[in-house]
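Given next are the chains, with one letter for each unit.
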Amino acid sequence: MKTRAMLTLEDCKKISAAAEAEARNNNWSVCIAILDDGGHLLHLVRMDGATPANARIALGKGRTAAETRRSTAMWEERIKGGRLSMLKMPGVTPVQGGLPIVVEGTCIGAVGVSGVQSHEDEQIAKAGIAALDA
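Report follows, based on the coordinates.

Each helix and strand in the chain was counted, giving 4 helices and 4 strands. Put simply, the chain runs from its N terminus to its C terminus through helices and strands in the order α-β-β-α-α-β-β-α. A globule of 134 residues ought to have a C-alpha radius of gyration of about 14 Å, and the chain, at 14 Å, matches this closely. With the principal axes as the frame, the chain shows a C-alpha extent of 45 × 40 × 20 Å. Considering the chain as a whole, with its 134 residues, one finds that 46% of them fall into the buried category. Restricting the contact set of the chain to residue pairs at least 6 apart, pairs at least 24 apart contribute 61%. Here the chain carries 16 positive and 15 negative side-chain charges, and the mean point of each set is 7 Å from the other.

Now the structure itself:
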């Protein structure tokens, strides 16, 4: 039987704190969703000023990254490149800002962020994930 890493509540708190710090340092109000490898919500933070829609979008980005094991930016780029059929992929939110969390080559979850420009959302997600290595 294979043994693998999985996200704990403490991991989620670390990711969330680092992501929130990155957002605050840039005066951004966002929603941060942390999901397990099956796309199930583990932790959600909606910063003051983030909209209810940001929560739904962050969840969608995180779920996409977790279930597909790919960044949401990859899906967005495929569509921009002309693969419009990708818009029909079930449950895929093809907007940058969702990143899988990969440990020892295995996806153990994802972070989705919404509230600012998509590349800034991804910047926040990266900062959160980087906290796991610290």
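With that settled, consider the packing of aromatic side chains. Geometrically, a pair of aromatic rings is defined through the distance of the ring centres and the angle of the planes. Summed over all chains, the structure comprises 0 aromatic pairs. Its end group placed over the ring of Trp75, Arg78 keeps NZ or CZ at 5.8 Å from the ring centre.

With that settled, consider the pairing of strand 3 (residues 98-103). Where strand 3 and strand 4 (residues 106-114) come together, 6 bridges link them in antiparallel fashion. Note that in strand 4 the partner of Leu99 across the bridge is Val111. Here strand 3 folds back onto strand 4 in antiparallel fashion, the turn holding 2 residues, of which Glu104 has a positive phi close to 50°.

Okay, the nonpolar core next. Residues Val30, Ile32, Ile34, Ile101, Val111, Val113 and Ile124 are the most contacted members of the largest nonpolar core, which totals 19 residues. Counting residues per element, the ones that place at least two in this core are helix 1 (9-25), strand 1 (31-36), strand 3, strand 4 and helix 4 (118-130). Considering each element in turn, this core owes the most residues, 4 residues, to helix 1. Look past the residues within four positions of Val30 in its chain and what remains in contact with it is Ala23, Val45, Arg46, Met47, Ala50, Val113, Ser114, Gly115, Val116, Asp121 and Ile124. Membership of the second largest hydrophobic core comes to 6 residues, among which are Leu35, Ala55, Ala58 and Leu59.

Here the focus is helix 4. A rise of 1.5 Å per residue sets the reference length of helix 4, with its 13 residues, at 18 Å; its end C-alpha atoms lie 18 Å apart and thus fit the reference within 8%. Within the sequence span of helix 4, burial applies to Glu120, Asp121, Glu122, Ile124, Ala125, Gly128 and Ile129.

Inspection of the entire model under this criterion finds 8 salt bridges. Across the salt bridge formed by Arg4 and Asp37, the nearest N and O atoms sit 2.9 Å from each other. Note that Arg4 is positioned in the segment before helix 1 and Asp37 in the loop between strand 1 and strand 2 (41-46), a separation of 33 residues in sequence. One salt bridge in this structure joins Lys80 and Glu76, with 3.8 Å as the shortest N-O distance. In this pair, Lys80 and Glu76 both sit in helix 3 (residues 72-80), 4 residues apart, roughly one turn of the helix. Residue classification places Lys80 among the exposed positions, given a relative accessible area of 59%. Judged by relative accessible area, Glu76 falls into the buried class, the value being 18%. Each of Arg4, Asp37 and Arg69 takes part in salt bridges that share partners, so that together they form one network.

Criteria and thresholds
- Residues numbered from 1 in each chain as written.
- Predicted model: local features only at pLDDT ≥ 70, side-chain atom pairs only at ≥ 80, totals over all residues.
- Heavy atoms only, no water.
- Helix = DSSP H or I, 4+ residues; strand = E, 2+ residues; numbered from the N terminus.
- Rg over C-alpha atoms; globule rule 2.2 N^0.38 Å.
- Buried < 20%, exposed > 50% of the residue type's maximum accessible area, 1.4 Å probe, protein only.
- Contact = heavy atoms within 4.5 Å.
- Lys, Arg positive; Asp, Glu negative; His and termini not counted.
- Charge placed at Lys NZ, Arg CZ, Asp CG, Glu CD.
- Phe/Tyr/Trp six-rings, centres within 6.5 Å; stacked < 30°, edge-to-face > 60°.
- Lys NZ or Arg CZ within 6 Å of the ring centre and 35° of its normal.
- Pairing = 2+ DSSP bridges.
- Core = buried A, V, L, I, M, F, W, Y, C linked by side-chain atoms within 4.5 Å.
- Expected span 1.5 Å × (residues − 1).
- Salt bridge = Lys/Arg side-chain N within 4 Å of Asp/Glu carboxyl O.

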